[in-house]
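Structure at a glance
Each chain, letter by letter, is given below.
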Amino acid sequence: MDIIFNRRSVRKYTEQKIEAEKVDRMLRAAMQAPSATNQQPWEFLVIDDKETIVKLADFSPYAKMLPGAPLAMVILEKQGMRAPLFTEQDLGAAVQNLMLQAVEDGLGSVWMGVGRGTERETFLTEMFNLPETVKPFAVLAIGYPADENANKFVDRYDEARVHYNKY
Ligand SMILES: Cc1cc2nc3c(=O)[nH]c(=O)nc-3n(C[C@H](O)[C@H](O)[C@H](O)COP(=O)(O)O)c2cc1C
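First, a word on scope: everything that follows refers to the structure included in this document. (Residues numbered from 1 in each chain as written. Predicted model: local features only at pLDDT ≥ 70, side-chain atom pairs only at ≥ 80, totals over all residues. Heavy atoms only, no water.)

So, the site of the ligand
Neighbouring the ligand are the residues Arg7, Arg8, Ser9, Arg11, Tyr62, Met65, Val110, Trp111, Met112, Gly113 and Arg156. Interatomic distance of 2.5 Å between a side-chain N/O atom of Ser9 and an oxygen atom of the ligand. The contact in question runs from a nitrogen atom of the ligand to an N or O atom on the backbone of Tyr62, over 2.9 Å. When the ligand sits alone it has 630 Å² of accessible area, and the protein chains cover 61% of it. (Near = heavy atom within 4 Å. Polar contact = N/O pair within 3.5 Å; in protein donor to acceptor, adjacent residues only side chain to side chain. Areas by Shrake-Rupley, 256 points an atom, 1.4 Å probe, with all protein chains shown as cover.)

Things to note about the packing of aromatic side chains
Both the distance between ring centres and the angle between the ring planes are used here to describe each pair of aromatic rings. Applying the stated rule across the entire model yields two aromatic pairs. Aromatic pair Phe5 and Phe153: ring centres 6.0 Å apart, planes at 70°, arrangement edge-to-face. In this pair, Phe5 is assigned in helix H1 (residues 2-6) and Phe153 in the segment after strand S4 (134-143), connecting sequence segments 148 residues apart. Judged by relative accessible area, which is 46%, Phe153 ranks as partly exposed. (Phe/Tyr/Trp six-rings, centres within 6.5 Å; stacked < 30°, edge-to-face > 60°. Helix = DSSP H or I, 4+ residues; strand = E, 2+ residues; numbered from the N terminus. Buried < 20%, exposed > 50% of the residue type's maximum accessible area, 1.4 Å probe, protein only.)

What follows is the structure, given as structure tokens:
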């Protein structure tokens, strides 16, 4: 699948709005992810209001691309799941699916981590008045890449990381 190899973190976008069908496809791709006991511990906050996106940029010093993005998403981790040890793994798979669908549809995105118990978590919880039933897991900036070739292959294969039969 080319999209896996070509996906890069894209941090510069055109002003073009993202079509509703593409937003829908990204959300559907995310929700197709595998999850422990099929618990599907995700919810998605989709933000296309410019003023809100600009404000969201203050959640982290590494989110300076956000004000230039036409779309942002906050991936939410549902609390009280039956397999709580695995919710972060489930969400990682969902975010990756979403980002790959973005590439498939000509978009670029970047994943920004939140981190449990951090100031970023507090910021997002307060900004969106999130209930105790969900915690922010990641923030994504999404848009049409300013550079058409932004999603391009970088070879990261390292055979030293591969162990056959014994470590
Ligand atoms: C959990 C996680 C947190 C990240 N946090 C940030 C971030 O706060 N800001 C940012 O610009 N990129 C962030 N990134 C993107 C990484 O910098 C990027 O994935 C990495 O450099 C590899 O580049 P690539 O995505 O182009 O392959 C994050 C990625 C992950 C998976």
